[in-house]
Amino acid sequence: MIKVGIIGATGYAGAELVRILLSHKDAEIKWYGSKSYIEEKYAKIYGNMFRLVEDTCLDDDLEALSRQVDIIFTATPQGFLAGRLTEAILENAKVVDLSADYRLKDVSIYEDWYQIEHKSPQFLEEAVYGLCEVNREKVRRARLVANPGCYTTCSILTAYPLIKEGLIDANTLIVDAKSGASGAGRGAKLPNLFCEVNENIKAYGVATHRHTPEIEEQLGYAAGQPVTINFTPHLVPMNRGILATEYASLRKISRPDGSLAYPEEAQIRAAYEKYYGKEYFIRLLGQGIYPETKWVEGSNFVDIGFQIDRRTGRMIMMGAIDNLVKGAAGQAVQNMNLLFGLPENEGLQLVPMFP
């Protein structure tokens, strides 16, 4: 039985970790860490856990926690883990961090985009970016996993095969993404109040959103060169879900007769099948069928669809995920399964909820 500790257990991502892990046959939660609710009953904070969780919330003492568990999930704000992580902690327990502290390899890029000093850059090199479908083998050998962001998970996976195969020009990529309100976290903020969010849709972080360099870095690895994109997130009045619609210029490829032409639908589909055909959590939709957030809600699935626009010579790619599951807690558990040699979908065979 894997002994688990969660720091930030009372945030949305932390609570989703609890929900998933309670049904995981090989894991047992030993520590519900929450600085805001120390000594309060967890089920008092989340009434859905009444008679399911009897524990009280503890503090965020990583040193003490690491001596009691096999793995620590940190569902905490940027800067928390970077300010606390030590070699001793990593010697005691594996760590999966749901913040951005170890996602970017260049500390100057992190400090520029997040506007905070990174307190433990010595761990950046060994941290593995935990996008399981791309970095599976690296995750298996890791001590420290940087769990990807929600927008980035959806955005990267939607375009990755076509960039990797050179079928689109990565530097023309435009990502237009919409997220439910839970993506902003559980903290009380004026822009997230019901009357501010309901009956409204708005763009935010235009040309400045902090997930931009994360998407660029990972897609740059796929392209084999630096990539620059446009990324614009939007807030929509729903609890969960992300829908990313992405646009990029097609690249002409050689035909058998030596001429150049844009790829056909079958070639695009073959590229997706090459990378995702055996992936349990990625569902490539049929021709003319496009992702909808309602069909992935509550699950760890990524639904992907595409359409070639021959009139403009562009590729239109669409992806949908649940931002709290595949975009946070579900992917974190998927990483845990890899770290401990378990079936990757253990505890994650979650059927999407509808309605």
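Preceding this section is the structure that the text describes.
Just so it is clear, the structure is predicted and the values come from calculations on it, not from any experiment. (Residues numbered from 1 in each chain as written. Predicted model: local features only at pLDDT ≥ 70, side-chain atom pairs only at ≥ 80, totals over all residues. Heavy atoms only, no water.)

Engineer: Explain the overall build of the chain to me, using residue names and the numbers behind them.
Structural biologist: The secondary structure content of the chain amounts to 11 helices and 15 strands. Taking 20 Å as the expected radius of gyration for a compact globule of 355 residues, we find that the chain reaches 20 Å, a close match to that expectation. By principal-axis analysis of the C-alpha atoms, the chain measures approximately 70 × 45 × 40 Å. Looking at the chain as a whole, 54% of its 355 residues are labelled buried. Of the contacts made within the chain by residues no fewer than 6 positions apart, 69% connect residues no fewer than 24 positions apart. (Helix = DSSP H or I, 4+ residues; strand = E, 2+ residues; numbered from the N terminus. Rg over C-alpha atoms; globule rule 2.2 N^0.38 Å. Buried < 20%, exposed > 50% of the residue type's maximum accessible area, 1.4 Å probe, protein only. Contact = heavy atoms within 4.5 Å.)

Engineer: Which residues make up the sheet that holds strand E3 (residues 71–74), and what values do they have?
Structural biologist: Pairing in this open sheet of 6 strands is parallel, and the strands run E2-E1-E3-E4-E6-E5 from one edge to the other. With one partner strand each, in any of the chains shown, strand E2 (27–33) and strand E5 (128–129) form the two edges of the open sheet. When strand E1 (residues 2–7) meets E2, the two strands line up parallel, connected through 6 bridges. From the neighbouring strand, Ile7 faces E2, where its bridge partner is Gly33. On the sheet, helix H1 (residues 12–21) packs against E1, E2 and E3 and is oriented at approximately 160° with respect to E1. (Pairing = 2+ DSSP bridges. Axes fitted to C-alpha atoms, helices over the stretch in contact; angles between N-to-C directions.)

Engineer: Now, about the nonpolar core: what can you tell me, with residues and values included?
Structural biologist: In globular proteins that are soluble, nonpolar side chains generally tend to be buried together. Counting residues in each nonpolar core, the largest one holds 45 residues, and the members touching the most others are Leu21, Tyr42 and Phe73. Here the element with the most residues in this core is helix H11 (residues 325–339); it accounts for 8 residues. Not counting residues within four places of it along the chain, the set of residues in contact with Tyr42 comprises Ala9, Thr10, Gly14, Ala15, Val18, Tyr32, Met49, Val53, Asp55, Thr56 and Cys57. Judged by nonpolar contacts, the second largest core, of 39 residues, contains Ile156, Ala177, Ile229 and Leu250. (Core = buried A, V, L, I, M, F, W, Y, C linked by side-chain atoms within 4.5 Å.)

Engineer: With reference to specific residues and values, describe helix H9 (residues 212–223).
Structural biologist: At 3.6 residues per turn, the α-helix brings residues three or four places apart onto the same side. For H9, with 12 residues, the first-to-last C-alpha span of 16 Å sits near the 16 Å given by 1.5 Å per residue. With 10 of 12 residues buried, H9 lies mostly within the body of the structure. The complete set of buried residues in H9 reads Thr212, Pro213, Glu214, Ile215, Glu216, Glu217, Gln218, Leu219, Gly220 and Ala222. Just beyond H9, the residue with positive phi is Gly224, at close to 80°. (Expected span 1.5 Å × (residues − 1).)

Engineer: Got a sec to walk through the pattern of salt bridges? Specific residues and values, please.
Structural biologist: Going through the model one piece at a time under the given rule, you end up with 20 salt bridges. Linking Arg283 and Asp303 is a salt bridge whose minimum nitrogen-to-oxygen distance equals 2.6 Å. Of the two residues, Arg283 is situated in strand E13 (residues 282–284) and Asp303 in strand E14 (residues 302–309); the sequence distance between them amounts to 20 residues. For Asp303, a relative accessible area of 3% gives the class buried. Sharing partners across several salt bridges, the network here consists of Glu16, Arg19, Arg240 and Asp322. (Salt bridge = Lys/Arg side-chain N within 4 Å of Asp/Glu carboxyl O.)

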